[in-house]
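Geometric and topological summary
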Amino acid sequence: MRWENNKASPRPYLRPKIAKLLKVTSAELEELLKPQHPSPAGATTPETLLDIGDADDMKRRDALGLLTITGALIVLPRSSVEPSASHTELDSTAAETLNSHLWKTFSLADSKQTVYPLVHRHLQVLARQLREARTEKERTQLCAWTGDPYQLAGEIFFDGNRYTDAAHCYLLAASAAKEAGNHDLWACAMTRHAFIELYERRFTVAAPILSAAARVAQHGDSRLSTRHWVAAVQAEAYAGLGDLDACNRALDRADEVHSLGSGIHNGGWLRFDGSRLAEDRGTCYLELGRPDLAEQALTAALRQALSPRRRGAVLASFAALGAERGDLDQVMQYGSAAIELASLTGSGFLAKRLEGLQTHLGPLMADGRVSNLHHQISALSRVARRNG
């Protein structure tokens, strides 16, 4: 579909179906389906970073309660679930279209947290439909649909540095995908779970999760890029463990994605097409203490059209590279630009990457400019933790 390629809006005949699926009016749907493009005047700053869905303790409990209910419905055999008298026939086109649009909206939104209310509403509907499922075929289909947006919910929580909530979402997504028999969806959920451990620098924990994800992916669709994405993430784990040879082998496996034909990803829970490999290589080689290799990769990455989050991460890596070389001008140029993007997007992901930069700034702290940069990053981190 042209809409799924981000070239058009959902077709008119699908909108009533989506509205019915979400139990909203047509006018409410039109408002919900608008892509999130914050205007400069309303740009997000660290001080105004949105809690996810205006989350307070009550809403967080509501989200966790939904996770608990959905998890039970997924693992219970169909005979244990009482079908509802208000059973609604499933509309696969509308459900898949909405899942796809949610991912598109997420990718376009500068502030990822603004997408969560619509995702949460969709998950509530899916939980109700799981409760009403009358046949094993319906239940299997609903498990696949549920594993998709729960990965997206996890991504939103991950971006907000709410790692525990993200882990719950990824775990449920993996369970749903397993019940649906969808190995690619399952492997992707496991890989996203491993990302949490990578960003906490728990490489010895991430590595076995990724090894398991790689085994699951081998049972998936060979035309998809799932196994190549798992390999790219494995490279980061090997880099953290200081294993250059294993890292390079994983990167080479990931690079084989370029030998696949068209239709290698769905643009949603699977988006890997090899375009991020330059960034991945730069991250790995910086971690491994190979600034020569890192600079080549990062320079190639900056030549690409990057989202604000991705560009900010590359800039933070360039600043870290400058710190390793004692190049204060490079540290300030790229570090300040990365902080500006983190402030604009309110991204906890970027705040975490900048915390990684701080570890490289120690030897340069005698310089007032570097000290001020360090304090700015600390302020961003405090805000991200408070809002997470």
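Everything below is about the structure printed above this text.
Residues numbered from 1 in each chain as written. Predicted model: local features only at pLDDT ≥ 70, side-chain atom pairs only at ≥ 80, totals over all residues. Heavy atoms only, no water.

Our focus in this paragraph is the environment of T68. In this fold, T68 is placed in helix α3 (residues 57-75). With 100 residues separating them in the primary sequence, T68 and H168 have C-alpha atoms 9.4 Å apart. (Helix = DSSP H or I, 4+ residues; strand = E, 2+ residues; numbered from the N terminus.)

Here we take up helix α13 (residues 291-302). For α13, built from twelve residues, the straight-helix expectation of 16 Å at 1.5 Å per residue is met to within 8% by its first-to-last C-alpha distance of 16 Å. Within α13, the full set of buried residues consists of A294, A297, L298 and A301. Take α13 and look down its axis: the buried residues cluster within an arc of 100 degrees, on one side only. (Expected span 1.5 Å × (residues − 1). Buried < 20%, exposed > 50% of the residue type's maximum accessible area, 1.4 Å probe, protein only. Arc of directions from axis to C-beta.)

With that settled, the discussion passes to the packing of helix α15 (residues 328-345) against helix α16 (residues 348-361). Interhelical geometry of α15 versus α16 gives an angle of 155 degrees and a closest axis separation of 10 Å. Taken together, α15 and α16 sit at an angle that is classed as roughly antiparallel. When you trace α15 past α16, the crossing you get is left-handed. Each of V331, G335, A338, I339, L341, A342 and T345 in α15 lies in contact with α16, whose residues at this interface are L350, L354, L357 and L361. Class assignment for the residues of the contact of α15 with α16 results in nine nonpolar, two polar and no charged. (Axes fitted to C-alpha atoms, helices over the stretch in contact; angles between N-to-C directions. Parallel < 35°, antiparallel > 145°, perpendicular 65-115°, else oblique. Left-handed = near helix turned anticlockwise from the far one by under 90°. Contact = heavy atoms within 4.5 Å. Nonpolar A, V, L, I, M, F, W, Y, C, P; charged D, E, K, R; others polar.)

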